[in-house]
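Geometric and topological summary
Residues per chain are reported as follows:
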Amino acid sequence: MESKIIKAFFDGNLADEVITTPRTKEYTDIDQRETAIYNKLRPMLTGEQLKLFDEFVDLYGDRHALISESYYVRGFKFGLRLAVECFDFSDVDENQ
């Protein structure tokens, strides 16, 4: 049996960037509210305030991207450790 996942990784056709995540109604609602507030706030800011606000938004996004990456890596490692533990049959009596 050919492993499509492993082949896709090897070929470079499968990466985190190409995996889409379904958006829930809750996510969509929050996204729309966030965008509306962002668009309402920007015109109220002066040049220096706008520059600081944009820098804040960029840094906030960068920090959350690092958090997401960390959770992704930790989850992957946890899953792999769980799989490795599943192959440990030392608690099974083979004579039964």
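Below, the discussion takes up the overall build of the protein chain. When helices and strands are counted, the protein chain shows 3 helices and 0 strands. Going residue by residue from the N terminus, the α and β elements of the protein chain occur as α-α-α. For 96 residues, the compact-globule formula gives about 12 Å, and the C-alpha radius of gyration of the protein chain, at 22 Å, lies well above that figure. Dimensions of the protein chain along its principal axes, counting C-alpha atoms only, are 75 × 30 × 25 Å. Counting every position in the protein chain, which comprises 96 residues, the buried fraction comes to 2%. Approximately 9,500 Å² of the protein chain is accessible, and the part contributed by carbon and sulfur atoms is 60%. Each charge class in the protein chain was averaged separately, 12 positive and 19 negative side chains, and the resulting centres sit 8 Å apart.

Moving on: the environment of Ala 36. Secondary-structure assignment places Ala 36 in helix α2 (residues 25-41). For Ala 36, a relative accessible area of 45% translates into the label partly exposed. Residues Ala 36 and Glu 2, spaced 34 residues apart in sequence, show a C-alpha to C-alpha distance of 48 Å.

Of the residues in the protein chain, 94% have a pLDDT of 70 or more, and the chain-wide mean is 87. Of all the helices and strands in the protein chain, helix α1 (residues 4-11) carries the lowest mean pLDDT, 77, while α2 carries the highest, 95.

Inspection of the entire model under this criterion finds 3 salt bridges. Here Asp 54 ties to Arg 42 by a salt bridge, and the two come within 2.4 Å at their closest N and O atoms. Placement of the pair is Asp 54 in helix α3 (residues 47-86) and Arg 42 in the loop between α2 and α3, with a sequence separation of 12 residues. A relative accessible area of 24% means that Asp 54 is categorised as partly exposed. Taking the relative accessible area as the measure of exposure, Arg 42 reaches 25% and is therefore partly exposed.

So, about the environment of Leu 45. Its place among the elements puts Leu 45 in the loop between α2 and α3. With sequence-adjacent residues up to four places away left out, Leu 45 is seen in contact with Leu 50 and Phe 53.

For the rest of this paragraph, the subject is a nonpolar patch on the surface. Taken together, the side chains of Phe 56, Val 57 and Tyr 60 make up a nonpolar region of the molecular surface, amounting to roughly 280 Å² of accessible area. Considering the arrangement of structural elements, one finds Val 57 in helix α3.

Another point: the packing of aromatic side chains. Inspection of every chain in the model, using the stated rule, returns 2 aromatic pairs. Here Phe 56 and Tyr 60 contribute two aromatic rings whose centre-to-centre distance is 5.9 Å and whose plane-to-plane angle is 35°, an arrangement assigned as tilted. With Phe 56 and Tyr 60 both in helix α3, this residue pair falls 4 residues apart, about one helical turn. Classification of Tyr 60 by relative accessible area gives partly exposed; the value is 40%. The ring of Tyr 27 has Arg 23 lying over it, and the distance from NZ or CZ to the ring centre is 4.5 Å.

What counts as what
- Residues numbered from 1 in each chain as written.
- Predicted model: local features only at pLDDT ≥ 70, side-chain atom pairs only at ≥ 80, totals over all residues.
- Heavy atoms only, no water.
- Helix = DSSP H or I, 4+ residues; strand = E, 2+ residues; numbered from the N terminus.
- Rg over C-alpha atoms; globule rule 2.2 N^0.38 Å.
- Buried < 20%, exposed > 50% of the residue type's maximum accessible area, 1.4 Å probe, protein only.
- Areas by Shrake-Rupley, 256 points an atom, 1.4 Å probe, with all protein chains shown as cover.
- Lys, Arg positive; Asp, Glu negative; His and termini not counted.
- Charge placed at Lys NZ, Arg CZ, Asp CG, Glu CD.
- pLDDT = per-residue confidence, 0-100.
- Salt bridge = Lys/Arg side-chain N within 4 Å of Asp/Glu carboxyl O.
- Contact = heavy atoms within 4.5 Å.
- Patch = residues over 30% accessible without salt bridge, like charges linked within 9 Å, V, L, I, M, F, W, Y side chains within 5 Å.
- Phe/Tyr/Trp six-rings, centres within 6.5 Å; stacked < 30°, edge-to-face > 60°.
- Lys NZ or Arg CZ within 6 Å of the ring centre and 35° of its normal.

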